[in-house]
Number of protein chains: 2
Amino acid sequence: MIVLELSNVKSSVEALNPEQPFEQMHFVEEVGLMFEMVGLPRMSGRIFGWLLISNPAQQSHAALAEILQASKGSISTMTRLLIQIGLIERVSLPGERRDYFQIKPHAWSQMTKQRIAQIAAFRQLAEKGLTLLEDAPPHLQKRLQEMRDIHAFLERELPLLDERWELEQRSLHQSNPERLSQS
Amino acid sequence: MIVLELSNVKSSVEALNPEQPFEQMHFVEEVGLMFEMVGLPRMSGRIFGWLLISNPAQQSHAALAEILQASKGSISTMTRLLIQIGLIERVSLPGERRDYFQIKPHAWSQMTKQRIAQIAAFRQLAEKGLTLLEDAPPHLQKRLQEMRDIHAFLERELPLLDERWELEQRSLHQSNPERLSQS
DNA sequence: CTGAATGTTCAGTAATCATTGAACAAACTA
DNA sequence: TAGTTTGTTCAATGATTACTGAACATTCAG
């Protein structure tokens with residue numbers, strides 16, 4: 001007879017108000033759907049969604065599998081993906097064998113960088129198209145010129161926008177240093 | 001015995017330099033792959049890609065099916081999708097029964113608008129998550145606050161960026177009025 | 001060493017999504 | 001009216017992708 005000890009794994013959900021878990025899982029599902037809309041696997045979105053609201057912020061491999069009702073394999077693959085695209089990170093506590101995952105601070109500027117890369121790819125495609133039309137009448141070239149120009153514009157401007165965001169954030173945290181983390 | 005009259009349909013490709021078609025179809029495939037990366041059906045990308053380089057810029061239903069080796073059904077569904085998301089438009093010539101499609105001018109600011117809508121959805125999700133954590137310690141809320149704040153920032157700034165683009169374009173075309181379409 | 005705990009990899013499957021092709025509809029011609 | 005052209009819809013197929021679960025590592029404890 002085998003008795004599994006799961007108490008440590010369940011606590012994260014059951015320690016809460018019994019009304020909460022349902023809403024939490026609903027949130028997790030919604031993040032899953034959003035990720036799917038952006039072209040990422042739904043399960044990667046579920047993991048990310050849970051890490052956004054979990055307590056504590058660090059969650060183990062096993063805890064994720066238990067709460068999201070997913071196989072170990074799935075968790076392993078999807079956390080690898082999320083780490084690779086810069087949205088979460090692995091944290092290992094000293095003296096602990098198991099790994100934990102958490103949302104990576106500034107995960108979002110990582111996403112912005114990816115978007116910029118995509119925009120660059122679109123600009124390059126437009127340029128490739130223009131070389132195909134180099135002998136064509138100008139009115140036929142216009143379509144691709146517009147595509148190239150707007151992507152070049154965004155490629156130039158989005159990094160500046162990101163920089164401005166970083167600056168705003170930094171100055172905000174200076175005038176308000178760590179007040180949030182006391183309570 | 002049935003004889004199909006296809007000559008009118010083939011002309012669009014065969015009228016060109018015999019080296020070109022291969023490169024053209026390569027371009028079309030690349031656009032297809034890009035669309036797939038962004039989460040849209042590959043065939044919709046092929047149609048869009050061909051409409052970027054086709055001569056004339058307007059292409060009929062039948063011409064698209066022939067050149068892209070796709071079924072009528074596929075073309076019908078995918079053009080509907082592309083019209084719905086604002087990337088192409090249907091043009092009908094007076095006295096002609098068939099419809100033509102072409103790249104919609106300013107297709108790209110349409111795409112920007114969609115991106116902004118997606119960003120708004122992410123911000124709303126973050127807010128929903130924050131209400132789940134309203135009684136949680138502040139350090140747990142930070143993850144979602146960062147998510148909300150950056151998306152609110154982009155939601156505010158991207159429309160301004162788009163406006164600036166429109167302005168730049170308009171002033172460019174005033175100082176250089178239609179010079180491109182003479183040649 | 002053996003056994004337990006933790007992760008990863010990968011072959012097989014389940015589910016999803018794009019695409020086809022045939023049936024249908026509408027609009028014009030004769 | 002019947003026949004032709006043009007386009008749409010939709011059930012069925014094919015292809016792709018996510019996901020599982022079992023086998024395989026690795027590391028620690030005894």
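The structure we're discussing is the one just above.
This write-up is about the structure you can find in this document. (Residues numbered from 1 in each chain as written. Chains lettered and ligands numbered in written order. Predicted model: local features only at pLDDT ≥ 70, side-chain atom pairs only at ≥ 80, totals over all residues. Heavy atoms only, no water.)

Turning next to the sheet that holds strand E2 (residues 88-91) of chain A. Residue and element names in this part refer to chain A. Spatially, the 3 strands line up as an open sheet ordered E1-E3-E2, and their pairing is antiparallel. In this open sheet, the two edge strands, each paired with only one partner strand, are strand E1 (59-60) and E2. With 2 bridges joining them, E1 and strand E3 (residues 100-103) adopt antiparallel strand pairing. In the strand pairing of E3, Ser 60 is matched with Tyr 100. Against the sheet, helix H3 (residues 42-53) engages E1, E2 and E3, with an angle of about 80 degrees to E3. The strands touched by helix H5 (residues 72-84) are E2 and E3; relative to E2, the strand with the most contacts, the crossing angle is about 115 degrees. (Pairing = 2+ DSSP bridges. Helix = DSSP H or I, 4+ residues; strand = E, 2+ residues; numbered from the N terminus. Contact = heavy atoms within 4.5 Å. Axes fitted to C-alpha atoms, helices over the stretch in contact; angles between N-to-C directions.)

Turning next to the protein's contact with DNA strand D. Within the structure, DNA strand D sits among 18 residues, and A:Met43, B:His61, B:Ser76, B:Arg80 and B:Asp99 are positioned closest to it. Of all DNA strand D atoms lying within 4 Å of any protein atom, the proportion belonging to sugar or phosphate reaches 64%. Between B:Ser76 and DNA strand D, the recorded distance is 2.8 Å, taken from a side-chain N or O atom to a phosphate oxygen. For the surface near DNA strand D, the elements supplying multiple residues, two or more each, are H3 and H5 of chain A together with helix H5 (72-84) of chain B. Broken down by class, the residue content of the surface near DNA strand D amounts to 3 nonpolar, 7 polar and 8 charged. (Near = heavy atom within 4 Å. Polar contact = N/O pair within 3.5 Å; in protein donor to acceptor, adjacent residues only side chain to side chain. Nonpolar A, V, L, I, M, F, W, Y, C, P; charged D, E, K, R; others polar.)

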